[in-house]
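Residue strings, one per chain:
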Amino acid sequence: MRTGLKFHRDAETFLVHLFGRGLDDERYVVETYRSLPSGEIRPVDAGQPKTKGRRGPRRKIVSRKTVRELRPERDEIIVCTGVNLARSGVQMWGLAASGLRAAHNGR
């Protein structure tokens, strides 16, 4: 008997990985990546502040409350690293990006 193999469109399944001291900092640098079907992971530039000249892209800094409200898309990975506590933060992986669905269907 197989149960629970259907994926509902309204399901919001994602994997959360807290590292270091977790969400102990007040502000976080947010980086967003896309997972491609080939297995590559590429940074997403959409929504990043634009810069002039040769400088690289500015960092997107948000509050702890905003980090808690973030939800990744199915193929998205969100990495939030503390500004003052650089070795703390959270990673959020969408269902397709985590590879859990592929491992489940690969029987």
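For the structure itself, consult the block above.
Reading guide: rules and limits
- Residues numbered from 1 in each chain as written.
- Predicted model: local features only at pLDDT ≥ 70, side-chain atom pairs only at ≥ 80, totals over all residues.
- Heavy atoms only, no water.
- Helix = DSSP H or I, 4+ residues; strand = E, 2+ residues; numbered from the N terminus.
- Buried < 20%, exposed > 50% of the residue type's maximum accessible area, 1.4 Å probe, protein only.
- Contact = heavy atoms within 4.5 Å.
- Areas by Shrake-Rupley, 256 points an atom, 1.4 Å probe, with all protein chains shown as cover.
- Core = buried A, V, L, I, M, F, W, Y, C linked by side-chain atoms within 4.5 Å.

A. Spatial organisation of the overall build of the protein chain. From N to C terminus, the protein chain includes three helices and six strands. The secondary structure elements of the protein chain, listed N-terminal to C-terminal, are β-β-β-β-α-β-β-α-α. Taking all 107 residues of the protein chain together, 25% fall into the buried category. Sequence separation of at least 24 residues holds for 63% of the intrachain contacts in the protein chain that already meet a minimum separation of 6. For the protein chain, the exposed surface amounts to about 8,200 Å²; the carbon and sulfur share of it is 49%.

B. Expanded view of the nonpolar core. L23, Y28, V30, V62, V67, I78, C80, V90 and M92 form the largest nonpolar core, which has nine residues in total. Sorting the residues of this core by element identifies β2 (27-35), β5 (76-82) and β6 (89-94) as the ones contributing at least two each. Residues contacting I78, with those up to four places away along its chain left out, are V30, E31, L70, R71, P72, V90, Q91 and M92.

Bear in mind that shape data such as this cannot, by itself, settle questions of function.
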